[in-house]
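For reference, the chains in residue letters:
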Amino acid sequence: MRAGISAVLFDLDGTLVDSAPDLAGTANDMLVRRSRAPVAYQGLRLHAGSGARGMLGAAFGIAPGHADYDALRTEFLGHYATRMLRETSAFAHALVMLEVLDAQHVPWGIVTNKAVHLAEPLAQALGLLPRAAALIGGDSTPHTKPHPAPLLEAARRMGVAPQACVYVGDDHRDMKAGRAAGMGTLAAAWGYLGPGEPPAAWGADAVIEHPNQLLHWLEVA
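Each residue is numbered by its place in its chain's sequence as written, counting from 1. The predicted nature of this model means local features are confined to residues of pLDDT at least 70 and side-chain atom pairs, given and counted, to a pLDDT of 80 or more, with totals for whole chains, interfaces and linings taken over all residues. The side-chain numbers reported here are obtained from all heavy atoms of the structure, hydrogens and water having been left aside.

1. A short note on helix α9 (residues 211-218)
Since the α-helix packs 3.6 residues into each turn, any two residues three or four apart lie on the same face.
Turning to step 1, where the next piece is worked out: Among all positions in α9, only P211, L214, L215, W217 and L218 are buried. Here the buried residues of α9 occupy an arc of 160° about the axis, which is enough to place them on one side.
Turning to step 2, where the next piece is worked out: Two residues qualify as a contact provided that any one of their heavy atoms is within 4.5 Å of a heavy atom in the partner residue. Helix and strand assignments come from DSSP, with helices taken as H or I runs of at least 4 residues and strands as E runs of at least 2, each series counted from the N terminus. Where α9 is buried, its residues meet β1 (7-10), α5 (92-103), β6 (165-169), β7 (184-188) and β8 (206-208).
Turning to step 3, where the next piece is worked out: Phi turns positive one or two residues past the end of α9, at E219, with a value near 65°. In this scheme, a residue with accessible area under 20% of its type's maximum is buried, one over 50% is exposed, and one in between is partly exposed, where area comes from a 1.4 Å probe on protein chains only. As used here, the arc is the angular range of directions from the helix axis to the C-beta atoms.

Pasting the structure below:
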């Protein structure tokens, strides 16, 4: 195991699981209900890392603060809860990586901005629970990423010093949160990434193109 590292924390959407099909499907279902044309999947997938906010922005062109935003967000989350396992799956290469970590007795956890009532059943259905040593959702602490509080809470629950953790995520906010928590940071370039700066500009300790590279970085493969 890499010197100084004893645990790994992962973002969920876009890092361990491919939830974009159901996130995009929820947004397009809402458009169809309003007799509006659906948005091309690739145009929505790019924003999947931002969850409801990203989907509503791409599908309806609105952001928090808009008069209709809160009502649409409530509708989005309600409908998403009914279909979030229809097309969502864990990334196969991520599952292989987790199997290696389990075999090497490397503790790992999940830190996501997805609310716990959505994240837990999703992780359970995809075989990530109870294997994860901790699951922190967007409402587990008073703050969401990029604030470090969720990552610090995960480390606390796992009984590991933050400095002994590395956080893996596919969004710039993940790297900001990890650095603020005093953790190592790895940018998962197989994820959604978003429309902003490329992962190389996020200030991560490394950009990894494939989960196998995490195993090599950890020196367990």
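Here the narrative resumes.
2. Examining the nonpolar core
Turning to step 1, where the next piece is worked out: In this description, a nonpolar core means a group of buried Ala, Val, Leu, Ile, Met, Phe, Trp, Tyr and Cys residues linked to one another through side-chain atoms lying within 4.5 Å. Counting residues in each nonpolar core, the largest one holds 56 residues, and the members touching the most others are F10 and L16.
Turning to step 2, where the next piece is worked out: Looking at which element gives the most residues to this core, the answer is helix α1 (residues 20-33), with 6 residues.
Turning to step 3, where the next piece is worked out: Setting aside chain neighbours within four positions, we find F10 in contact with T15, L16, M97, L98, L101, W108, G109, I110, V111, Y167, V168 and L214.
Turning to step 4, where the next piece is worked out: Counting residues in each nonpolar core, the second largest holds 16 residues, with A7, I136, L151 and C165 among its members.

3. A short note on the environment of F10
Turning to step 1, where the next piece is worked out: Structurally, the position occupied by F10 is in strand β1.
Turning to step 2, where the next piece is worked out: Taking the relative accessible area as the measure of exposure, F10 reaches 0% and is therefore buried.
Turning to step 3, where the next piece is worked out: Once the C-alpha coordinates of F10 and W108 are considered, the two residues, 98 residues apart in sequence, prove to be 7.5 Å apart.

4. Comments concerning unusual backbone geometry
Turning to step 1, where the next piece is worked out: Here the bond from L129 into P130 is cis, since omega is 5°, no more than 30 degrees from zero.
Turning to step 2, where the next piece is worked out: Structurally, P130 is set in the loop between α6 (116-125) and β5 (135-136).
Turning to step 3, where the next piece is worked out: Geometrically, the link from K145 to P146 is a cis peptide bond, its omega value of 20° lying close to zero.
Turning to step 4, where the next piece is worked out: Mapped onto the elements, P146 comes out in the loop between β5 and α7 (149-158).
Turning to step 5, where the next piece is worked out: Of note in this structure, S35 is not a glycine but carries a positive phi near 60°.
Turning to step 6, where the next piece is worked out: Residue classification places S35 among the exposed residues on the basis of a relative accessible area of 71%.

5. Quick notes on the pattern of salt bridges
Turning to step 1, where the next piece is worked out: In what follows, salt bridge is the name for a side-chain nitrogen of Lys or Arg lying within 4 Å of a carboxyl oxygen of Asp or Glu. Evaluated as defined, the whole model comprises 13 salt bridges.
Turning to step 2, where the next piece is worked out: With its nearest N and O atoms 2.8 Å apart, the salt bridge here joins D102 to R131. Here R131 lies in the loop between α6 and β5 and D102 lies in helix α5, a separation of 29 residues in the sequence.
Turning to step 3, where the next piece is worked out: Two residues, R157 and E153, come together in a salt bridge whose shortest N-O distance is 2.8 Å. Here the residue R157 and the residue E153 both occupy positions in helix α7, the gap between them amounting to 4 residues, near one helical turn.
Turning to step 4, where the next piece is worked out: By relative accessible area, which is 42% here, R157 ends up partly exposed.
Turning to step 5, where the next piece is worked out: One salt-bridge network, held together by shared partners, links D22, D29, R83 and E87.

6. A few points about the pairing of β1
Turning to step 1, where the next piece is worked out: Along β1, one buried face is formed by A7 and L9 and the opposite face, lined by V8 and F10, is buried too.
Turning to step 2, where the next piece is worked out: Note: two strands are recorded as paired if DSSP finds a minimum of 2 bridges between them. When β1 meets β6, the two strands line up parallel, connected through 4 bridges. Counterpart to L9 in the pairing with β6 is Y167.
Turning to step 3, where the next piece is worked out: In this sheet, strand β4 (residues 108-111) lies alongside β1 in parallel orientation, the contact comprising 3 bridges. Bridge pairing links L9 to G109 in β4.

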